[in-house]
Amino acid sequence: MAVMTYAEAAVLAVAHEMEADANVVVLGEDVGRGGIFGQYKGLQARFGTDRVVDTPISEAAILGAGVGMALAGLRPVVEMRVVDFALCAMDEIANQAAKNRFMFGGQGRVPMVVRMPIGIWDASAAQHSQSLESWFAHLPGVVVVCPATPQDNYSLLRAALASGDPVVYMEHKTLWGVSGEVDPASTAKLGEARVVRPGRDVTIVSWSKQVQACEQACDELASHGIAAELVDLRSIWPWDRATVLGSCARTRHLLVVHEAVQAAGFGAEIAATVAETVGCKVRRLGAPRIPVGYAPVLEAQSRVAAPDIAAAARGLLA
């Protein structure tokens, strides 16, 4: 076990896969200097410019090249810098990467990991602060992953590279400096949730950075005698129905919390599935349907904070 940051865990995961397989390559803007968050630090010096490739500023070209590399037998890690910029390359992922295996009867595979950092980036305003995981969950043919801890960023990134399918890998823009223990021998399975803390009264499901706020809310609820079970979904698609449904069957209450806009967020899919299957009380908690503001007072309106979560849980139990 070693203590490292979320970014350092990502570097370790990519380095491990590059060392094990010469077909693993990295491409994107700024990757040669380590990436804007340090998530590729030292990799170009270690593996060379042929395997850690700096690209022009064209997201469509970067992702299109990644699809071609994957179809030709490589396993590319494609850096989009932030999910907001990936919108310039939607055709390449939605109509090429996601559909190739289906349209050609499995003759082509796109074993590609597209890193699209999500979430509110402090004082970065509306075009750099979006959480769009539900867009990609709606897209057949891709896997969607949202790691919340350094350990998961290590283990899930390795699992994503090994999956053989296109993976939309969504790290939170403000988690890079968060530290935690990482066991390089630990593995993770895509589509398997993590029970952060057990509880009997209410199930809280979340992912990515919002798990931290949920942990704080659980502490507040515990001070009032409410034992919340917190589930970190980790993979948005496939998502761990068995763990979520099992927890809800016991607690009979579900609160889904995400940083993304609440309207049409992935929490709606979870809430509907639980309501249809278990029949317990459900509630969603997400951001209002507004662009994220630049001014701190406006940015705060888009945040779902621990007191909001605790209040929503208490309201659900009332």
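Residues numbered from 1 in each chain as written. Predicted model: local features only at pLDDT ≥ 70, side-chain atom pairs only at ≥ 80, totals over all residues. Heavy atoms only, no water.

Caption draft 1: Region of interest: the overall build of the chain. Regarding its fold elements, the chain presents 13 helices and 14 strands. Computed over C-alpha atoms, the radius of gyration of the chain comes to 19 Å, within 12% of the 20 Å expected from 2.2 N^0.38 for 318 residues, which places it in the range of a compact globule. If one aligns the C-alpha atoms of the chain with their principal axes, the spans along those axes are about 60 × 45 × 40 Å. Buried residues in the chain amount to 55% of all 318 residues. The long-range fraction of contacts in the chain, counting pairs at least 24 apart against all pairs at least 6 apart in sequence, stands at 81%. About 12,900 Å² of surface is accessible on the chain, with carbon and sulfur atoms providing 55% of the total. If the 27 positive side-chain charges of the chain are averaged to one point and the 33 negative ones to another, these points end up 5 Å apart. (Helix = DSSP H or I, 4+ residues; strand = E, 2+ residues; numbered from the N terminus. Rg over C-alpha atoms; globule rule 2.2 N^0.38 Å. Buried < 20%, exposed > 50% of the residue type's maximum accessible area, 1.4 Å probe, protein only. Contact = heavy atoms within 4.5 Å. Areas by Shrake-Rupley, 256 points an atom, 1.4 Å probe, with all protein chains shown as cover. Lys, Arg positive; Asp, Glu negative; His and termini not counted. Charge placed at Lys NZ, Arg CZ, Asp CG, Glu CD.)

Caption draft 2: Summary view of the packing of helix H9 (residues 210–222) against helix H13 (residues 306–317). Two elements in contact, H9 and H13, have axes whose closest approach is 8 Å; the angle formed by their N-to-C orientations is 55 degrees. Classified by the angle between their axes, H9 and H13 sit oblique to one another. Once H9 is placed against H13, the crossing between them reads as right-handed. Together, Gln 210, Ala 213, Cys 214, Gln 216, Ala 217, Glu 220 and Leu 221 of H9 and Ala 306, Pro 307, Ile 309, Ala 310, Ala 313 and Arg 314 of H13 make up the contact between the two elements. The residue makeup of the contact of H9 with H13, split by class, is nine nonpolar, two polar and two charged. (Axes fitted to C-alpha atoms, helices over the stretch in contact; angles between N-to-C directions. Parallel < 35°, antiparallel > 145°, perpendicular 65-115°, else oblique. Left-handed = near helix turned anticlockwise from the far one by under 90°. Nonpolar A, V, L, I, M, F, W, Y, C, P; charged D, E, K, R; others polar.)

Caption draft 3: Spatial organisation of the sheet that holds strand E12 (residues 235–237). Within the open sheet, the seven strands sit side by side as E3-E2-E4-E5-E7-E6-E12. Their pairing is mixed. The open sheet terminates on both sides in strands that have one partner only, identified here as strand E3 (52–54) and E12. When the angles between neighbouring strand axes are averaged without regard to direction, this sheet yields 20 degrees. Against the sheet, helix H8 (residues 150–162) touches strand E2 (24–28), strand E4 (75–79), strand E5 (113–115), strand E6 (143–145) and strand E7 (167–169), its axis set at about 160 degrees to E7. (Pairing = 2+ DSSP bridges.)

Caption draft 4: Seen up close, the packing of aromatic side chains. For the structure shown, the criterion picks out five aromatic pairs. Between Phe 37 and Trp 176, the ring centres sit 5.1 Å apart and the planes meet at 10 degrees, which makes this aromatic pair stacked. Taken together, the residues span a long stretch of sequence, with Phe 37 in the loop between E2 and helix H2 (43–47) and Trp 176 in the loop between E7 and strand E8 (179–182) at a distance of 139 residues. A single burial state applies to Phe 37 and to Trp 176, both of which are buried. Relative to Phe 266, the ring of Trp 239 lies with its centre 6.3 Å away and its plane at 85 degrees, an arrangement referred to as edge-to-face. In this pair, Trp 239 sits in the loop between E12 and helix H10 (241–251) while Phe 266 sits in helix H11 (residues 266–277), placing the two residues 27 residues apart along the sequence. (Phe/Tyr/Trp six-rings, centres within 6.5 Å; stacked < 30°, edge-to-face > 60°.)

Caption draft 5: Summary view of the sheet that holds strand E9 (residues 194–197). What the five strands build is an open sheet, ordered E9-E11-E10-E13-E14; its pairing is mixed. Only two strands of the sheet have a single neighbouring strand rather than two, namely E9 and strand E14 (281–287). Averaged over neighbouring strand pairs, the angle between their axes works out to 25 degrees when direction is ignored. Sheet contacts for H11: strand E10 (202–206), strand E13 (253–261) and E14; angle to E13, the most-contacted strand, approximately 165 degrees.

Caption draft 6: How the structure looks around the pairing of E2. Summarising burial for E2: five of the five residues are buried, a large majority. Burial of the side chains of E2 extends over both faces: Val 24, Val 26 and Gly 28 are buried on one face and Val 25 and Leu 27 on the other. As paired elements, E2 and E4 share five bridges and run parallel to each other. The residue of E4 that forms the bridge with Val 24 is Arg 75. Pairing of E2 with E3 involves three bridges; the strand directions are parallel. Within E3, the position partnered with Leu 27 by the bridge is Val 53.

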